[in-house]
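Structural features, examined
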Amino acid sequence: MSHHIVEVKDLEYSYPDRTPALRGVSFRIEHGEAVGLVGANGAGKSTLLLHLNGCLFPERGTVRIGDYPVTRQTLPQIRRSVGTVFQDPNDQLFMPTVEEDVAFGPINLQLPPEEVEQRVVRSLESTNSLHLRQRPPYRLSGGEKRSVAIAAVLAMSPDILVMDEPTSGLDPRARRRLMDLLAGFTHTKIIASHDLDMILSLCPRTIVLHQGTIAADGPTAAVLADQDLLLRSGLELPLRVQGCPICGRSCGGHPRP
Amino acid sequence: MTRIEAGIGDLDTLDRLAAQDSPIHRLDPRAKVIATALFLLTVVSFSKYDIAGLTPLFLYPAVLLTVGLVPVRVLLRYLLIACPFALLVGVFNPLLDREIVVRWGGLGISGGWLSFGSIVLRFLLTASAVLLLLACTGYVAVCAALGRLGAPHLLTMQFLMLYRFIFILTDEGSRMVRAHGLRSFGAGRTTIRVWGSLAGHLLLRAYDRGLRVHAAMLARGFDGTPRTLRVSRWSLTDTAFVLGCGLFLALVRFGDPVDRLGSWCVGVFR
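An account of the accompanying structure is given in this report. (Residues numbered from 1 in each chain as written. Chains lettered and ligands numbered in written order. Predicted model: local features only at pLDDT ≥ 70, side-chain atom pairs only at ≥ 80, totals over all residues. Heavy atoms only, no water.)

Quick look at the overall build of chain B
Quick note on the threshold: Per the convention used, a helix needs a DSSP run of H or I reaching at least four residues, while a strand needs a run of E reaching at least two, with both numbered from the N terminus. As a reference, a globule follows 2.2 Å times the number of residues to the power 0.38, and the radius of gyration itself is taken over C-alpha atoms. Relative accessibility thresholds used throughout: buried, under 20% of the residue-type maximum; exposed, over 50%; partly exposed, between the two (1.4 Å probe, protein chains only). Should any heavy atoms of two residues lie within 4.5 Å, those residues are considered in contact. Shrake-Rupley sampling with a 1.4 Å probe provides the accessible areas, and residues are treated as covered by the protein chains on show and by no other component. In this charge count, Lys and Arg are treated as positive and Asp and Glu as negative; neither His nor the chain ends contribute. Charge positions are represented by NZ for Lys, CZ for Arg, CG for Asp and CD for Glu.
If you tally the helices and strands in chain B, you get 14 helices and two strands. Computed over the C-alpha atoms, the radius of gyration of chain B is 23 Å, more than 25% above the 18 Å expected from 2.2 N^0.38 for a compact globule of 270 residues. Counting only C-alpha atoms and orienting by the principal axes, one finds that chain B spans roughly 75 × 55 × 30 Å. Looking at chain B as a whole, 36% of its 270 residues qualify as buried. Long-range pairs, those at least 24 residues apart, make up 78% of the contacts in chain B between residues at least 6 apart in sequence. Of the roughly 16100 Å² of accessible surface on chain B, a fraction of 70% belongs to carbon and sulfur atoms. Seen as two clouds, the 28 positive and the 16 negative side-chain charges of chain B have centres 5 Å apart.

Here it is, written out as structure tokens:
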């Protein structure tokens, strides 16, 4: 199943004003892996994610999604297999109704109308948002918008799910619901977030980005318990790993069962 | 809620009306677009003094209003918003064209007043026809219909994007106005420098947002061709609707129904 593999080799990229964003990033993500991408603001997380779906192209180095290198010629295949959930769902929901928005991807894949309808229903059901079907997206709450944005991406049946800050701006219950939802997906997942506790729950592996380079890449339980590494990278220990605010005792940094 | 946000609430009233179900709503959007275009052509083809000839055309919006379940006050509200433009166009006519063309009892009516009246009537007819088209069809379906009738894709995409970005732009705008209001403490008038900066920022923010929306569209396989969920089929009802509208408009334009009705009434009462 090589088509679910994400391979980035020596990726370099600078913004148009020549500020370097990524400086020699390399990693390989296997089929079905869930990987957390963490780092301070401006570390290059979003820029890296934009390379995975061909919104940006490397200045140096390569990005491969399964059998295809990410180039202008392979964009249709790349975008079919990589589903990207953007940071702000307002950017992603641009059609007049939820239903049309979710159908946008499948229609562009030129699927037959019955298949489009099936996918709309299935993906809205899987994010518990079928009841929002006829609503205009700009009238939804933050959590509802997020669910619909994820449904819109799932409707394209991607092999790989890429998410930028999926839990930002959500209330605790909506965040928990979203995490349960994501835990149920068997896709290869790459989740960039400042929500380290969420990464700890969902991703067995974590990559730490710092100033455009990879500061660490390993099992989440070890990476997110390394206080020195996290401080060096502009982060801090996840709340769950920090000592109890009352007695100061630590649980040892192991993810909750 | 700022006034901008309240205005946005208004903006999608037509879309909400378009989601209703009525015989007019069920027609193919293309049929409604063609009928509206024929109607607009007929309205503008009358001479500038011909007020009587225009009056039977009010039957068309009246029927759409009733059958299409559009509340009259919604239509009137939109017409009220647009009417200053029409009034401005015609307001000088009575001053420029003072020649008396019609005598009604002892009252002489100048050509200027007649053409002013005709401009107002035309505005009422054309604006309500277009508003009713949108209220019974929906903006996106109208755009899709234009595309299927052969309008260039680039144009229909522009229309669609325009509509989508109005919400984004006003959203950004209202947030900036609120942020400005919170820190200006109602102090005096806003200087032109501050407004300039607000406008500049709004443009840049809207541009950035536009880029992100575009990226999101590309990520979901968008290739520049607008595709819609439901592709309507042209039925016999649609043909009948277009033919019926065409026949009615031809009758009003060339059949002189007002004169005939007038002569008939005079004949009856004589």
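What to know about the sheet that holds strand 1 (residues 6-14) of chain A
Residue and element names in this part refer to chain A. Which entries qualify depends on this criterion: When DSSP locates at least two bridges between a pair of strands, those strands are taken to pair.
Judged by pairing direction, the sheet is antiparallel, and its four strands sit side by side in the order 2-1-4-5 without closing on themselves. Looking at strand neighbours, the two that pair on one side only are strand 2 (20-29) and strand 5 (68-69), the edges of this open sheet. Note: strand 1 against strand 2, seven bridges, orientation antiparallel. Looking at the pairing, Glu 12 lines up with Arg 23 of strand 2.

Describing the environment of Ala 152 of chain A
Position of Ala 152 of chain A among the secondary structure elements: in helix 6 (residues 142-154). Take Ala 152 of chain A: its relative accessible area is 0%, and that puts it in the buried class. Separated by 53 residues in the primary sequence, Ala 152 of chain A and Glu 99 of chain A have C-alpha atoms spaced 8.9 Å apart. Residues contacting Ala 152 of chain A, with those up to four places away along its chain left out, are Asp 101 and Val 102 of chain A together with Arg 220 of chain B.

Overview of unusual backbone geometry
In the Ramachandran plot, Ser 157 of chain A falls in the positive-phi region, its phi being about 45 degrees despite a non-glycine side chain. Within the secondary structure, Ser 157 of chain A is located in the loop between helix 6 and strand 7 (160-164). The phi dihedral of Leu 69 of chain B falls on the positive side, at around 55 degrees, and the residue is not glycine. With respect to the element layout, Leu 69 of chain B can be found in the loop between helix 6 (59-67) and helix 7 (72-90).

A word on the packing of helix 4 (residues 29-45) of chain B against helix 13 (residues 236-254) of chain B
Residues and elements named next belong to chain B. What counts is decided by this rule: For helices, the fitted axis covers only the stretch in contact; all axes are lines through C-alpha atoms, and the angles between them, taken along N-to-C directions, range from 0 to 180 degrees. Any angle that falls under 35 degrees is termed roughly parallel, while one over 145 is termed roughly antiparallel, one within 65 to 115 roughly perpendicular, and all others oblique. Any residue that is not Ala, Val, Leu, Ile, Met, Phe, Trp, Tyr, Cys, Pro, Asp, Glu, Lys or Arg is counted as polar, Gly included; the first ten are nonpolar and the last four charged.
Running from N to C, helix 4 and helix 13 cross one another at 5 degrees; their axes reach a closest spacing of 9 Å. With respect to each other, helix 4 and helix 13 are oriented roughly parallel. Two secondary-structure elements touch here, helix 4 through Ala 31, Lys 32, Ile 34, Ala 35, Leu 38, Phe 39, Thr 42 and Ser 45 and helix 13 through Asp 238, Phe 241, Val 242, Cys 245, Gly 246, Leu 249 and Arg 253. Split into classes, the residues belonging to the contact of helix 4 with helix 13 amount to nine nonpolar, three polar and three charged.

Things to note about the packing of aromatic side chains
Heads up, the rule is: Only rings of Phe, Tyr and Trp enter the pairing, Trp through its six-membered ring, and a pair is recorded when the two centres are within 6.5 Å. The plane angle decides the type: under 30 degrees is stacked, over 60 is edge-to-face, the rest tilted. Should the NZ of a Lys or the CZ of an Arg lie within 6 Å of a ring centre and within 35 degrees of the ring normal, that charge is described as sitting over the ring.
As enumerated under the stated definition, the model contains four aromatic pairs over all chains in all. For the pair Phe 104 of chain A and Phe 222 of chain B, a centre-to-centre distance of 5.8 Å together with 25 degrees between the ring planes defines the contact as stacked. Placement of the pair is Phe 104 of chain A in helix 4 (residues 98-108) and Phe 222 of chain B in the loop between helix 12 (192-219) and helix 13, with the two residues belonging to separate chains. Residues Phe 104 of chain A and Phe 222 of chain B agree in their burial class; the two are buried. Taken together, a centroid distance of 4.4 Å and an interplanar angle of 20 degrees make the contact between Phe 39 of chain B and Tyr 60 of chain B stacked. A residue pair is termed long-range when its members are at least 10 positions apart, and Phe 39 of chain B in helix 4 and Tyr 60 of chain B in helix 6 qualify at 21 residues. Looking at Arg 77 of chain B, its charged tip hangs above the ring of Tyr 78 of chain B, at a distance of 5.9 Å from the centre. Cation over ring: Arg 253 of chain B sits above Phe 46 of chain B, and NZ or CZ is 4.7 Å from the ring centre.

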